[in-house]
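Architecture at a glance
Residues per chain, in single letters:
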Amino acid sequence: MFTIICFFRVEQRNIDKFLKITKKSGEILENHGTLEHNIYFARELTGRQGSMGLLNLVEMEENEELFLGQSVFESEEHYHNVMKEVGFDDMIHYLDGNIKDIVEMNRVITSSFTTERVAETN
């Protein structure tokens, strides 16, 4: 499996709009083959039992909420194929433009993870 995660800092006044946009974007991704697309609400951002929490790593403003977005694919190749198809979808471009109006994209944290061990290159 191949997973893309994104942390979004969203101003409280824009949360409803953000959720509508990401719901529609998720539907489009799933229609093009994404296995899952979820948005998670933050519950506890401080660490437990002596560990660090996300607030140790992510700088938040008082008027912001943190959301975790997750999209799951069969493999990295599947991810690239889905994204290539989605690139031809006019609605996704419209939604992408709208999300940029409410989320500072240079503050979004994005990473990918896989269940397969990647060969080391030395």
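It should be noted that the structure appears before, not after, this text.
Below is a summary of the structure that appears in this document. (Residues numbered from 1 in each chain as written. Predicted model: local features only at pLDDT ≥ 70, side-chain atom pairs only at ≥ 80, totals over all residues. Heavy atoms only, no water.)

1. Let's talk about the overall build of the protein
In terms of regular secondary structure, the protein is built from three helices and four strands. Along the protein, from the amino end to the carboxyl end, the secondary structure elements read β-α-β-β-α-α-β. Overall, the C-alpha framework of the protein stretches about 40 × 40 × 25 Å when taken along its three principal axes. Counting only residues that meet the buried cut, the protein has 34% of its 122 residues in that class. In the structure as shown, the protein presents an accessible area of about 8700 Å², 48% of it carried by carbon and sulfur atoms. Computed over 12 positive and 22 negative side-chain charges, the separation of the two mean positions in the protein equals 4 Å. (Helix = DSSP H or I, 4+ residues; strand = E, 2+ residues; numbered from the N terminus. Buried < 20%, exposed > 50% of the residue type's maximum accessible area, 1.4 Å probe, protein only. Areas by Shrake-Rupley, 256 points an atom, 1.4 Å probe, with all protein chains shown as cover. Lys, Arg positive; Asp, Glu negative; His and termini not counted. Charge placed at Lys NZ, Arg CZ, Asp CG, Glu CD.)

2. Things to note about the pairing of strand 1 (residues 2-11)
Residues in a regular strand project their side chains so that they alternate between the two faces of the sheet. For strand 1, the buried fraction is high: nine of the 10 residues fall into the buried class. In this structure, strand 1 lies alongside strand 3 (residues 64-73), joined through 10 bridges in antiparallel fashion. Opposite Phe7, over in strand 3, you have Leu68 as the bridge partner. Across six bridges, the pairing between strand 1 and strand 4 (residues 109-114) is antiparallel. (Pairing = 2+ DSSP bridges.)

3. Digging into the packing of helix 1 (residues 15-31) against helix 3 (residues 90-102)
Packed helix pairs are characterised by how far apart their axes lie and by the angle those axes make with each other. Their axes nearest at 10 Å, the elements helix 1 and helix 3 cross at an angle of 155°. Relative to helix 3, the element helix 1 lies roughly antiparallel. The two elements helix 1 and helix 3 cross, and the hand of that crossing is left-handed. Listed contacts from helix 3 to Lys17, Phe18, Ile21, Thr22, Lys24, Ser25 and Ile28 of helix 1 are Met91, Ile92, Leu95, Asn98, Ile99 and Ile102. (Axes fitted to C-alpha atoms, helices over the stretch in contact; angles between N-to-C directions. Parallel < 35°, antiparallel > 145°, perpendicular 65-115°, else oblique. Left-handed = near helix turned anticlockwise from the far one by under 90°. Contact = heavy atoms within 4.5 Å.)

4. So, unusual backbone geometry
Its identity is not glycine, yet Gln49 carries a phi of approximately 50°, on the positive side. For Gln49, a relative accessible area of 85% puts it in the exposed group.

5. Considering helix 2 (residues 76-86)
Along helix 2, the residues that are buried comprise His78, Val82 and Val86. Seen along its axis, helix 2 keeps its buried residues to an arc of 70°; they face one direction. Within helix 2, the exposed residues directed more than 90 degrees away from the buried face are Glu77 and Lys84. In this structure, the buried residues of helix 2 make contact with helix 1, strand 3 and helix 3. (Arc of directions from axis to C-beta.)

6. Some words on the nonpolar core
Phe8, Val10, Phe18, Phe67 and Val103 are the most contacted members of the largest nonpolar core, which totals 20 residues. If you list the elements that add at least two residues to this core, you get strand 1, helix 1, strand 3, helix 2 and helix 3. Leaving out residues up to four positions away in the same chain, Val103 has contacts with Phe8, Arg9, Val10, Phe18 and Val108. In terms of nonpolar packing, the next biggest core, distinct from the first, is built from five residues, Ile5, Phe7, Leu45 and Leu66 among them. (Core = buried A, V, L, I, M, F, W, Y, C linked by side-chain atoms within 4.5 Å.)

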